[in-house]
Amino acid sequence: MPTQIGLISLGCAKNLIDSEIMLGHLQDEGMTLIPDAELADALIINTCSFIDVAKDESVGTIIEAVNARQEDPAREKQKIIVAGCLSQRFQKDLPGLLPEVDAFIGLDQITDVASIVRETLGRNLEGDGSLDTVTAKSRYIPDYTTPRFRLTPQHMAYLKIAEGCNHTCSFCIIPKIRGQHRSRTQESIVREAKGLIAQGVKEINLISQDTTYFGMDKWQGLGNRPNPTSGVNSEKGESLASLLRELNALEGDFWIRLLYTHPAHWSDELIETIAECPKVARYVDIPLQHISDHMLKEMNRKTDGKYIRDLLQRMRDGIPDLSIRTTFITSFPGETQEDHDELLEFIKEFKFERCGIFQYSKEEGTRAYKKEDHVHHATKKKRHRELSSVIDKVAIEVNESQLGKKLRVLVEEEGIARSMWDAPDIDGRIFVPIDLPVGEWADVMVTDHRGYDLIAKSLD
Ligand code: F3S
């Protein structure tokens, strides 16, 4: 009987790819993934630790699994293995805090998962204690040859083009967890994309911590250090623009979607590339975090309000029919009423097609953690409410502007589809007739809207 593995994958799409890589390696070693965690010989929980709510969810999931094992005699021998950003971030403390966990896997051990599972199955927690395999700094990056068992639907996939982050945003812990930026080679990504297209994938979502920084880590070795705000010249090295052009030239009917771009690394070359590549979705995910110069400086975002406004205008002018998705952080330490008002006005004026707002979360190990002028929680809530209400109003206006439009959509599941303007698991849905085949393209016309979602009828 092969070893049966249960898996719970939390956190973002980058973590999901790590889960897929672990499953690929386990499958190569003859182990089987089963949907029913109760029956698993080993249950892997791939965790997130970005902000408090994510940490709470991860710890809660681990404790739930430990309790379920204690209460269910059939699970008595089950091994619980914790992987991902929680075990990487809290590598020193976690084994002491969660002694019921049989093994901890760091970000660089995902390709060793099969041997870690085997070793864990042969150990006794009471006698041997937890197996801790986490190494200090994350340096790993996958390749097109890396075994991977996809967890997304047949028609869509994430593709990790780089790992790590060189930014020092003062609120963010991710560079400390995921390490310095390292890009894959363009060739490796293109080969993986070809494989995905051959499997029937119709939407490739390019991800990393900062997709716009793709290739730039290697340029420094070429003596061509990029200037973050003046755009880049890809003649001397690989860049997101050169990658998009090569992916766009691949045969097949598919979309390429760009997620997690950083405003500091956008260039006119990238804007022109998107405009000229019909397979690249008219959709840009660009977390801006704030618009006031004061806040952007405190957050160490390497941009200012004028730069951001100018960039957004160049994007809108250069890429017809573009949908811009962004997120902001409200109530960062030191945020004044003027900063808040400026953000509120900016959201009202600019009318982002897609917009999200998060309350600042104080994270140990970040620069902002030590700041003293934290915003009172009542003010935080009030500001969050005000911004959310403006965002909701803009979303309705945007949806109203879609009425009567003809859209090409990808049918996600029975009765639900997405257009180029909707990223999976992030944006709204389009309700379509249930007889449209799942995983296929369809032509529809928007007839109505409900909140963030659209309703459409088939044109086929
Ligand atoms: Fe993603 Fe959470 Fe790690 S957001 S990078 S899984 S800390």
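So, here's what we can say about the structure.

Rules of the game
- Residues numbered from 1 in each chain as written.
- Predicted model: local features only at pLDDT ≥ 70, side-chain atom pairs only at ≥ 80, totals over all residues.
- Heavy atoms only, no water.
- Pairing = 2+ DSSP bridges.
- Helix = DSSP H or I, 4+ residues; strand = E, 2+ residues; numbered from the N terminus.
- Axes fitted to C-alpha atoms, helices over the stretch in contact; angles between N-to-C directions.
- Contact = heavy atoms within 4.5 Å.
- Parallel < 35°, antiparallel > 145°, perpendicular 65-115°, else oblique.
- Nonpolar A, V, L, I, M, F, W, Y, C, P; charged D, E, K, R; others polar.
- Expected span 1.5 Å × (residues − 1).
- Buried < 20%, exposed > 50% of the residue type's maximum accessible area, 1.4 Å probe, protein only.
- Arc of directions from axis to C-beta.
- Polar contact = N/O pair within 3.5 Å; in protein donor to acceptor, adjacent residues only side chain to side chain.
- Phe/Tyr/Trp six-rings, centres within 6.5 Å; stacked < 30°, edge-to-face > 60°.
- Lys NZ or Arg CZ within 6 Å of the ring centre and 35° of its normal.

1. Observations regarding the sheet that holds strand β13 (residues 323-330)
Strands sit in the order β7-β10-β11-β12-β13-β14 across an open sheet of six strands; the sheet is parallel. Whereas interior strands pair on both sides, the edge strands pair on one side only; in this sheet they are β7 (156-160) and β14 (354-359). Going from strand to strand, the sheet's axes swing by 20° on average, the running direction of each strand aside. Strand direction decides the pairing type here: strand β11 (residues 255-258) and strand β12 (residues 280-285), joined by two bridges, are parallel. When the bridges of β12 are listed, Leu258 appears paired with Val284.

2. As for the sheet that holds strand β4 (residues 79-84)
Strands sit in the order β2-β1-β3-β4-β5-β6 across an open sheet of six strands; the sheet is parallel. The strands lining the two open edges of the sheet, one partner per strand, are β2 (32-33) and β6 (131-132). Here strand β1 (residues 4-9) pairs with β2 via two bridges, running parallel. Following the sheet pairing, Ile5 is matched in β2 by Leu33. Set on the sheet, helix α1 (residues 13-28) makes contact with β1, β2, β3 (42-47) and β4; between it and β3 the angle comes to about 155°.

3. A few points about the packing of α1 against helix α5 (residues 113-121)
Where α1 contacts α5, the axes come no closer than 8 Å and their chain directions differ by 70°. Viewed along their axes, α1 and α5 adopt a mutual orientation that is roughly perpendicular. Taken together, the residues of α5 that come into contact with α1 (itself represented by Met22, His25 and Leu26) are Val113, Ala114 and Val117. Grouping the constituent residues of the contact of α1 with α5 by class yields five nonpolar, one polar and no charged.

4. Regarding helix α2 (residues 52-71)
A rise of 1.5 Å per residue sets the reference length of α2, with its 20 residues, at 28 Å; its end C-alpha atoms lie 28 Å apart and thus fit the reference within 8%. Buried residues of α2: Ala54, Lys55, Ser58, Thr61, Ile62, Ala65, Val66 and Arg69, and no others. One side of α2 carries all its buried residues, which in axial view fall inside an arc of 130°. Those residues of α2 that are exposed and aimed more than 90 degrees away from the buried face are Val53, Asp56, Glu64, Gln70 and Glu71. The elements touched by buried residues of α2 are β1, β3, β4, α3 (85-89) and α6 (125-128).

5. Structural notes on the environment of Glu163
Here Glu163 shows up in strand β8 (residues 162-163). Note on Glu163: relative accessible area 5%, which makes it buried. Taking the C-alpha atoms as reference points, Glu163 and Arg418, 255 residues apart in sequence, are found 27 Å from one another. What Glu163 contacts, discounting residues up to four positions off in sequence, is Tyr140, Ile141, Arg178, Gln180, His181, Arg182 and Gln209. Side chain to side chain, Glu163 and Lys160 meet in a polar contact 2.8 Å long.

6. A word on the packing of aromatic side chains
Following the criterion strictly, the structure yields seven aromatic pairs and no others. Their ring planes at 70° and their centres at 5.7 Å tell us that Phe328 and Phe352 sit as a pair that is edge-to-face. A residue pair is termed long-range when its members are at least 10 positions apart, and Phe328 in strand β13 and Phe352 in the loop between α14 (337-350) and β14 qualify at 24 residues. A residue is classified by how much of its surface remains accessible, and Phe352, at 3% relative accessible area, is buried. Taken together, a centroid distance of 5.5 Å and an interplanar angle of 75° make the contact between Phe346 and Phe352 edge-to-face. You'll find Phe346 and Phe352 in the same group, each marked buried. Taken together, the aromatic side chains of Phe328, Phe346, Phe350 and Phe352 make up a single cluster linked through ring pairs. Above the ring of Tyr283, the side-chain terminus of Arg257 is found at 4.7 Å from the ring centroid. Across from the ring centre of Trp441, 4.1 Å away, lies the NZ or CZ of Arg408, which sits over that ring.

7. Thoughts on the side chain of Thr212
Among the structural elements, Thr212 can be located in the loop between β10 (203-207) and α9 (216-219). Engagement of the side chain of Thr212 in a polar contact is seen with the side chain of Asp210, the distance being 2.6 Å. Residues contacting Thr212, with those up to four places away along its chain left out, are Leu240, Thr261, His262, His265, Trp266 and Leu270.

8. Some details on the environment of Cys277
Along the chain, the position of Cys277 falls in the loop between α11 (268-276) and β12. Residues Cys277 and Gly164 lie 113 residues apart in sequence; the distance between their C-alpha atoms is 27 Å.

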